[in-house]
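Single-letter residue listing:
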Amino acid sequence: MKEDIRIGVFVCHCGTNIGGFVDVPSVVEYSRTLPGVIYATGNLYTCAEDGLASIRDAIKEHHLNRVIVASCTPRTHAPLFQGVCEEAGLNKYLFTFVNIREHCSWVHMKEGPKATEKAKDLVRMGVARAQLLEPKEEARIDVEPKALVIGGGISGMVAATSIANHGFPVYLVEKEADFGGFVRNLNNLYLGGKDATEMLKPIVDQVTSNKNIIKCLKSKVAGVDGFIGNYQVALDVDGKEVKDKVGVIVLATGADEYVPEGLFGYDLYENVVTLTEFEILCKRKTLPKISSIAFIQCVGSRGHVKSYCSRICCNVAIKNALNIAENYQNILGKDERGAVVEKVGVDMKAPEEIAERRRRRRGRRDREGGEEEAEAPAPSEGIEIAIFNRDIMSYGLEHELNYNKAREKHVRFVRYSPANPPKVYTENGKLVVDYWHDTLKLQRKMNVDMIVLSTPLVSPPSAPGISKLLKVPLGQDGFFLEAHVKLRPVDFATDGIFVCGTAKGPADITECVFQAQAAASRAAIPLARGYVQAEALTAIVDADICTGCGTCIEVCPYGALRKNMDGVAEVIVAACKGCGCCGATCPEGAIDLSHYTDSQLLAEAKAALQEAIQ
Amino acid sequence: MMATNAEKLVDESTASEEWDPKIIVFCCNWCSYAGADLAGVSRLQMPTDFLVIRTMCSARVDPEFVLRAFAKGADGVLVAGCHPADCHYIGGNYRTRRRIAILRVLLEQYGFDPDRLRLEWISASEGEKFQKTIREFTERIKEIGPNPLKED
Ligand SMILES: Cc1cc2nc3c(=O)[nH]c(=O)nc-3n(C[C@H](O)[C@H](O)[C@H](O)COP(=O)(O)OP(=O)(O)OC[C@H]3O[C@@H](n4cnc5c(N)ncnc54)[C@H](O)[C@@H]3O)c2cc1C
Ligand code: SF4
Ligand code: SF4
Ligand code: FES
């Protein structure tokens, strides 16, 4: 038999905050007339110790099994009152909050008796809800103390090392034959100008020597299923299938460089290269002799093809301009070649199709004099360098100093407007940048041996596939989207999956390392604790009503529903966040939400309207 | 303001001065409920005719709740949720938006003024928007008049 409902109502004066505008004694009086209410009282301050004691005492004395506090807002005070209920042996889900301050006395200060009437309505709604409440337990779910990190660039390596150093085994899955990611393409690095290979080496060594890291090269993630603490993963490790269970996943799959097809002569002229291609030329010491060079910024970014600013390119262009101005001998090809670039192609990042495009381009290359040898300039001295830009974003102190240094070295910064960008063509076998000089108000030409296009980092073509596999979202620009840009910058909304590095959007190495360490320490929390507490507010499927249409599975933002063996929907309690989206969508009305059930919400609505139909 | 026939009949019959509408406001916990709280903290005054029901997300508001509320005599229903892209549960509010649009069409077909149902994005920092919305909506509902079902 169901136990009797015994409700206690505590109406707060909140000093004069409520009591000054709402007739509290009359609300208390009214509460006593409502069904199931055994006890009602007013408190000067319910949240003060004597107020809390009055709740504790009344629960014991009057055997209350529901408690209602009519006072301020649950957003700040619910945990306090729920705690008191629990102290007195009452499950905290049997507590109801009624807001008569923020939603009543404070916004109806001049309404007199109407505010009191409204407070009564609100208490009546609370009583209707309280009658239907049920106790709830929060389930504990064990966490498999292992992690999976996807992507072996800087971010993935740092995250994996950090988790491994907490003492947990980590699978580090990298699709290429080596760890290192995009940095392997680079020559030297801002800030500090350190050689990229040198910077990378100790980080790779830390990975290879770490016994807790299970190194999976030439590997891919083939399947992921489950939820926080219990992800079943299937890996393809160099052709061999490996299956295991991990507790958390960190995504660090990086970004690609945008290929500026059709822009600024990239398809037509060999000597027009991207920033990355330029770095590779320098790194391999295959840069031809040049006497003049132009960088063009924001190619394909900031509203051009992609909407965003890629953050790093201004600083990377300045870095490379300084390399030419200060360190030309060191990046110059040893074989004293002329000014035609034998393009090398982006190391391991260039997908096949880029290589293919490049081959095609070579076929139809405009040869009018393109092969003509230029006069060999005096190395290092007097190389003309210009950076065509919309504006230079050298954020932060050190980058600003680099920018100033570049100016001192006579690097020219020439502004262009997106409405009238420079044009690139050849004249007498030489590349020309034809541009509008806004200060001089003149159309001008610059003869150059080489043009470097600063194109943005873009989300790789594989991102949508990974997004589907892990059921994590991509933002408008195609990068992975965190749960909250400021408050949860390395979490996904799905518990137990984290993201760091350029997979999330353009970032430099320093920022990637921050993010990777942040993601690793977030991921280590459930691993170290060993369990997670599941939400008590979850969807509940009525298997008898469900037709197995699958609509709910599609709408759930957390992948918290699946079909069970009987072909009907089933809630994965550990993954469900209790939003209720599924319930409102189910065409059969087969899904309810615990603690915010259809009947509870309808009872509230009905109580609200009780006076409406007389 | 295209009052339907059913509405007009009621309009003419109940022209009482002292009529206080009943308005149900579904607020999602994360943005709009907090926005309503902020209106309170800021002491922004507004008419008393609305009663807030808290749901976790605006997407929890089953179309059935809205229809039942009207059937029980609500004069207006306001659904308030987080701004697009701000929903605590990723994209719940996009579903809400679609549902409310369809519901409004449905209401009209049943002879209800669709303006009785309103959707508004109110963030946790928009106390003033909450106040403005409540004021305008109450005003509009008073113009439309009582829920015709109340007379049955
Ligand atoms: C031209 C240029 C110059 C730069 N210069 C500098 C500089 O001077 N200083 C600086 O701080 N930063 C610089 N950067 C930025 C720097 O390169 C990035 O910040 C850094 O490489 C990002 O590291 P990451 O690990 O996040 O991504 P990545 O380096 O892209 O690594 C991602 C890794 O994941 C792997 N992967 C992808 N998908 C999968 C999958 N499905 N399964 C398994 N593995 C996968 C990839 O193969 C790759 O190894 C420069 C960038 C460019 C483009
Ligand atoms: S939407 Fe409803 S009927 Fe369809 S599978 Fe989900 S629970 Fe079952
Ligand atoms: S309540 Fe929300 S999180 Fe839970 S199963 Fe339904 S849609 Fe998914
Ligand atoms: S949580 Fe506010 S609309 Fe979804």
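The structure we're discussing is the one just above.
What you see is a predicted model, and the numbers here were worked out from it, not measured in a lab. (Residues numbered from 1 in each chain as written. Chains lettered and ligands numbered in written order. Predicted model: local features only at pLDDT ≥ 70, side-chain atom pairs only at ≥ 80, totals over all residues. Heavy atoms only, no water.)

1. Comments concerning the overall build of chain B
We count it as follows: Secondary structure elements are taken from DSSP: a helix is a run of H or I of four residues or more, a strand is a run of E of two residues or more, and numbering for both begins at the N terminus. Buried residues are those whose accessible area, probed at 1.4 Å on protein chains only, stays under 20% of the maximum for their type, while exposed residues exceed 50% and partly exposed ones sit between those limits.
Counting its secondary structure elements, chain B contains five helices and four strands. Element order for chain B, N to C, with α for helix and β for strand: α-β-α-β-α-β-α-β-α. Per-residue burial over chain B gives 57% buried out of 152 residues.

2. Side note on the site of ligand 2
Quick reminder of the rule: Consider each residue's heavy atoms; a residue with any of them within 4 Å of a molecule or strand counts as near. Residues are sorted three ways: Asp, Glu, Lys and Arg are charged, Ala, Val, Leu, Ile, Met, Phe, Trp, Tyr, Cys and Pro are nonpolar, and all the rest, Gly among them, are polar.
Within the structure, ligand 2 sits among 13 residues, and A:C546, A:C549, A:G550, A:C552 and A:C586 are positioned closest to it. Split by residue class, the shell around ligand 2 holds eight nonpolar, four polar and one charged.

3. As for the sheet that holds strand 1 (residues 7-12) of chain A
All names here are of chain A. Let me state the cut-off plainly: Two strands are counted as paired when DSSP detects at least two bridges linking them. For helices, the fitted line uses only the C-alpha atoms of the stretch in contact; every axis is such a line through C-alpha atoms, and the angle between N-to-C directions lies from 0 to 180 degrees. Residue contacts follow a heavy-atom distance rule, with two residues in contact if any of their heavy atoms lie within 4.5 Å.
Spatially, the four strands line up as an open sheet ordered 2-1-3-4, and their pairing is parallel. Looking at strand neighbours, the two that pair on one side only are strand 2 (37-43) and strand 4 (95-99), the edges of this open sheet. This sheet shows a mean twist of 15 degrees between the axes of neighbouring strands, independent of strand direction. Two strands pair when backbone bridges link them, and strand 3 (residues 66-71) and strand 4 are joined in this way by five bridges, in the parallel orientation. Bridging from a neighbouring strand, S71 pairs with N99 of strand 4. On the sheet, helix 5 (residues 113-131) packs against strand 1, strand 2, strand 3 and strand 4 and is oriented at approximately 165 degrees with respect to strand 4.

4. Re the site of ligand 3
Around ligand 3 sit 14 residues, and of these A:C556, A:C576, A:C579, A:G580 and A:C582 come closest. Partitioned by chemical class, the residues of the shell around ligand 3 number 11 nonpolar, two polar and one charged.

5. Digging into the interface of chain B and chain A
As a reminder, the rule being used: When two parts are brought into contact, each loses some accessible area as probed by a 1.4 Å sphere; the total of that loss over both is the buried area. Any Lys or Arg side-chain nitrogen found within 4 Å of a carboxyl oxygen on Asp or Glu counts as a salt bridge. Polar contact criterion, stated in full: a pair of N or O atoms within 3.5 Å, where within protein one must be able to donate a hydrogen and the other to accept it, and residues adjacent in sequence count only if both atoms are side-chain atoms.
With 44 residues of chain B at the interface, the matching set in chain A holds 48 residues. In this assembly, chain B packs against chain A so that about 4,000 Å² is buried in total across both faces, 63% of it on carbon and sulfur atoms. The largest per-residue losses of area from chain B upon contact with chain A belong to B:T48, B:R60 and B:K72, which jointly make up 16% of the total buried on that side. The tally of links between chain B and chain A comes to four salt bridges. Linking chain B to chain A there are 20 residue pairs in polar contact (both at pLDDT 80 or more).

6. Details of the pattern of salt bridges
Per the stated rule, a full pass over the model turns up 40 salt bridges over all chains. For A:E279, the salt bridge identified is with A:K319, shortest N-O distance 2.8 Å. Taken together, the residues span a long stretch of sequence, with A:E279 in helix 8 (residues 275-283) and A:K319 in helix 9 (residues 313-331) at a distance of 40 residues. Taken individually, A:E279 and A:K319 each receive the classification buried, so the pair is uniform in this respect. One salt bridge in this structure joins B:D115 and B:R140, with 2.8 Å as the shortest N-O distance. With B:D115 in the loop between helix 4 (92-109) and strand 4 (117-121) and B:R140 in helix 5 (residues 127-144), this pair connects stretches of sequence that are 25 residues apart. Since its relative accessible area comes to 25%, B:D115 is described here as partly exposed. With a relative accessible area of 14%, B:R140 lands in the buried category. Salt bridges sharing partners connect three or more residues here, namely B:R104, B:D113, B:D115, B:R140 and B:E143.

7. Considerations on the pairing of strand 2 (residues 50-55) of chain B
Residue and element names in this part refer to chain B. Where we set the bar: Note on handedness: a clockwise path from strand one over the helix to strand two, with the strands aimed away from the viewer, defines a right-handed crossover.
Along strand 2, five of the six residues are buried, which leaves the element largely enclosed by surrounding structure. With six bridges joining them, strand 1 (residues 23-28) and strand 2 adopt parallel strand pairing. Looking at strand 2, one finds that V25 is bridged to V52. With helix 2 (residues 32-41) bridging strand 1 and its parallel neighbour strand 2, the resulting β-α-β unit is right-handed.

8. A short note on the state of the cysteines
Test applied: Count a disulfide wherever a pair of cysteine sulfur atoms falls within 2.5 Å.
Under the defined criterion, the tally for this structure stands at zero disulfides over all chains. There is no disulfide at A:C47, and the cysteine sulfur nearest it, in A:C12, is 6.2 Å away. Free cysteine: B:C27, not disulfide-bonded; nearest cysteine sulfur from B:C28 at 7.4 Å. The class for B:C27 is buried, based on a relative accessible area of 0%.

9. Considering the packing of aromatic side chains
Inclusion rule: Stacked, tilted and edge-to-face pairs are distinguished by plane angle, under 30 degrees for stacked and over 60 for edge-to-face with tilted covering the rest, among Phe, Tyr and Trp rings (Trp via its six-membered ring) whose centres lie within 6.5 Å.
Taken as a whole and assessed by the stated rule, the structure comprises 14 aromatic pairs over all chains. Ring geometry for A:F81 and A:F95: centres 6.0 Å apart, planes at 40 degrees, overall tilted. Separated by 14 residues along the polypeptide, A:F81 in helix 3 (residues 74-87) and A:F95 in strand 4 bring together distant segments of the chain. For A:F95, a relative accessible area of 6% translates into the label buried. Ring centres of B:W30 and B:Y89 lie 6.5 Å apart, and the angle between their planes is 75 degrees; on these two criteria the pair is classed as edge-to-face. Residue B:W30 is found in the loop between strand 1 and helix 2, and its partner B:Y89 is found in the loop between strand 3 (76-81) and helix 4; the two are separated by 59 residues along the sequence.

10. Digging into the packing of helix 8 of chain A against helix 9 of chain A
Angle between the axes and distance between the axes are the two parameters that describe a pair of packed helices. Residue and element names in this part refer to chain A. Selection rule: Angle categories are assigned with fixed cut-offs, so that under 35 degrees is roughly parallel, over 145 is roughly antiparallel, 65 to 115 is roughly perpendicular, and the rest are oblique. Crossing handedness follows the turn of the near helix against the far one: under a right angle anticlockwise gives a left-handed crossing, and clockwise gives a right-handed one.
The contact between helix 8 and helix 9 brings their axes to 11 Å, and the two run at 25 degrees. Classed by the angle they form, the pair helix 8 and helix 9 counts as roughly parallel. The element helix 8 and its partner helix 9 pack so that their crossing is left-handed. Along its contact with helix 8, which presents L275, F278, E279, L281 and C282, the element helix 9 presents C313, V316, A317, K319, N320, I324 and I331.

Purely geometric stuff here, so don't read any function into it on its own.
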